[in-house]
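What follows is the residue order along each chain.
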Amino acid sequence: MSVTAAGPPLLAIRGLSVRYGAINALSEVDLHIHEGELVALLGSNGAGKSTTLRAISRLVKPEAGRIEWQGRCLARTPTEGTVRLGIGHCPEGRRVLARQTVAVNLELGAYLRRDRRGIERDLQRCYERFPRLRERRSQLAGSLSGGEQQMLAIARSLMGHPRLLLLDEPSLGLAPKLVAEVMAILRQLHREGLTILLVEQNAQAALAIADRGVVLQSGSVSLSGSATELLAHEDLRTTYLGAEQPGDG
Ligand code: ATP
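All figures in this text were calculated on a predicted structure; none of them were measured in a lab. (Residues numbered from 1 in each chain as written. Predicted model: local features only at pLDDT ≥ 70, side-chain atom pairs only at ≥ 80, totals over all residues. Heavy atoms only, no water.)

S.K.: Where do I start with the site of the ligand in this structure?
M.R.: The environment of the ligand is formed by 14 residues, the closest being N45, G46, K49, S50 and T51. A47 is positioned with one of its backbone polar atoms (N or O) 3.0 Å from an oxygen atom of the ligand. One of the side-chain nitrogen or oxygen atoms of Q201 is found 3.1 Å away from an oxygen atom of the ligand. Considering every element that reaches the shell around the ligand, the biggest residue donor is helix 1 (residues 49–56), with three residues. The residue inventory of the shell around the ligand, partitioned by class, reads four nonpolar, seven polar and three charged. (Near = heavy atom within 4 Å. Polar contact = N/O pair within 3.5 Å; in protein donor to acceptor, adjacent residues only side chain to side chain. Helix = DSSP H or I, 4+ residues; strand = E, 2+ residues; numbered from the N terminus. Nonpolar A, V, L, I, M, F, W, Y, C, P; charged D, E, K, R; others polar.)

S.K.: When you look at the domain arrangement of the protein chain in this model, what are you seeing that I'm missing?
M.R.: Interface size is commonly expressed as the accessible surface area that is lost when the partners come together. Domains assigned within the protein chain are domain 1 (33–61 + 71–86 + 162–244) and domain 2 (93–161). Relative to domain 2, the C-alpha centre of domain 1 lies at a distance of 22 Å. Counting residues at the interface gives 21 residues for domain 1, matched by 15 residues for domain 2. Along the contact surface separating domain 1 from domain 2 lie two salt bridges. Between E181 and R132 there is a salt bridge, with its nearest N and O atoms 2.5 Å apart. Broken down by secondary-structure element, the contributors of at least two residues to the side of domain 1 that touches domain 2 are helix 2 (79–85), strand 7 (164–168) and helix 7 (176–191). The element contributing the most residues to the side of domain 1 that touches domain 2 is helix 7, with seven residues. (Domains from an automatic or database assignment. Contact = heavy atoms within 4.5 Å. Salt bridge = Lys/Arg side-chain N within 4 Å of Asp/Glu carboxyl O.)

S.K.: Whenever I open this one, the sheet that holds strand 5 (residues 72–73) confuses me. Can you help?
M.R.: Paired through their backbone hydrogen bonds, the strands of a sheet run either parallel or antiparallel. Taken together, the four strands give an open sheet; going across it, the order is 2-1-4-5, and neighbouring strands pair in antiparallel fashion. The strands lining the two open edges of the sheet, one partner per strand, are strand 2 (23–33) and strand 5. Pairing geometry for strand 4 (residues 64–69) and strand 5, over two bridges, is antiparallel. Its bridge partner being in strand 5, E68 is matched across the sheet by C73. Docked against the sheet, helix 1 engages strand 1 (11–20), strand 2 and strand 4, running at close to 115° with respect to strand 1. (Pairing = 2+ DSSP bridges. Axes fitted to C-alpha atoms, helices over the stretch in contact; angles between N-to-C directions.)

S.K.: For this particular structure, what's the right way to read the side chain of R156?
M.R.: Positionally, R156 belongs in helix 6 (residues 146–158). Notably, R156 is buried but unbridged: the nearest opposite-charge side chain belongs to D168, and the N-O separation is 12 Å. Not counting residues within four places of it along the chain, the set of residues in contact with R156 comprises R94, R95, V96, L97, N105, L106 and G109. (Buried < 20%, exposed > 50% of the residue type's maximum accessible area, 1.4 Å probe, protein only. Lys, Arg positive; Asp, Glu negative; His and termini not counted.)

S.K.: How should helix 1 be read in this particular structure?
M.R.: Side chains that are three or four residues apart share a direction in an α-helix, a result of its 3.6 residues per turn. Helix 1 sits mainly inside the fold: six of its eight residues count as buried. For helix 1, the set of buried residues is K49, T51, T52, L53, A55 and I56. One or two steps after helix 1, the chain reaches R58, where phi turns positive at roughly 60°.

S.K.: Could you clarify how one ought to interpret the pairing of strand 10 (residues 220–226) in this entry?
M.R.: On a regular strand, each side chain points to the face opposite its neighbour's, so the side chains alternate between the two faces of the sheet. Here strand 9 (residues 212–217) runs beside strand 10; their pairing, made up of six bridges, is antiparallel. Paired with V215 across the bridge in strand 10 is L223. Taken together, strand 9 and the strand that follows it, strand 10, pair antiparallel across an intervening segment of two residues, in which S218 is found at a positive phi of about 45°.

S.K.: Looking at this structure, I do not really get the confidence of the model for the protein chain. What am I missing?
M.R.: Residues shown with low pLDDT carry predicted positions that ought not to be read at fine detail. Residues at a pLDDT of 70 or more form 94% of the protein chain, whose mean pLDDT is 91. Across residues 244–249, confidence stays below pLDDT 50; counting only partners more than four residues off in sequence or on other chains, it has one contact. (pLDDT = per-residue confidence, 0-100.)

S.K.: I tried to follow unusual backbone geometry on my own but got confused; where do I start?
M.R.: Among all residues save glycine, negative phi is the norm, and among peptide bonds the norm is trans. Phi at E28 takes a positive value of approximately 50°, unusual for a residue other than glycine. Among the structural elements, E28 can be located in strand 2. With a relative accessible area of 63%, E28 lands in the exposed category. A positive phi angle, close to 60°, is found at R58, a residue other than glycine. Looking at the element boundaries, R58 is found in the loop between helix 1 and strand 4.

Structure follows, in structure tokens:
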């Protein structure tokens, strides 16, 4: 589902700055996402992408700036509160519980929910969406392949029934075929109306499914625009999309 930006954004970040001691991880970042949008947050190693997601989930405290959820400032909201509001965070590196079964990992994704029927319905949906997880539901998560663990991490986030899914580098370490599989699932979730903020170093793969993109460089927004604009942008093509420089080859 492609959405025109009407009405107030679901999430708005204004002038966000985050420091880790002496390191300026983010400087005055502005970013917004409307309900139903898929926005790609791009940039190279250390650009501040994960920090942006961690600030939204209140895992790091901003030095300055505001993060608003439907116009309400999140400054006093604990991480658990962001989950209750509908912000799901699928962290980098999958972080599945290796010594627990696939089924237990999925149940843990719904740990704040009390609607047993809704949980059961979402579990069945997850198994339909990820048939390999159904086949392996009694296996330990640590015995799954890298691609399957990534699917499990996404499925576990979906079990929280999020309105906004923050995804941190879901393509990391996966073979191209699996990257395509993950992106196809995200495209489908987007079509179903889920709002997604997708952190990726793989700009090509992310922009192929995104409505818009925002590029971070050394903690600041260096470029933003529609996915089509960014895919055609010369700086992005040469820096992040692996395009050949004129005259190469
Ligand atoms: P990557 O793709 O490598 O995860 P990123 O764009 O997500 O990169 P961040 O992880 O947000 O970047 O890091 C931004 C900056 O903050 C980097 O300079 C990084 O070294 C630094 N940083 C991140 N986490 C910490 C931390 N816990 N303590 C100190 N510095 C940190």
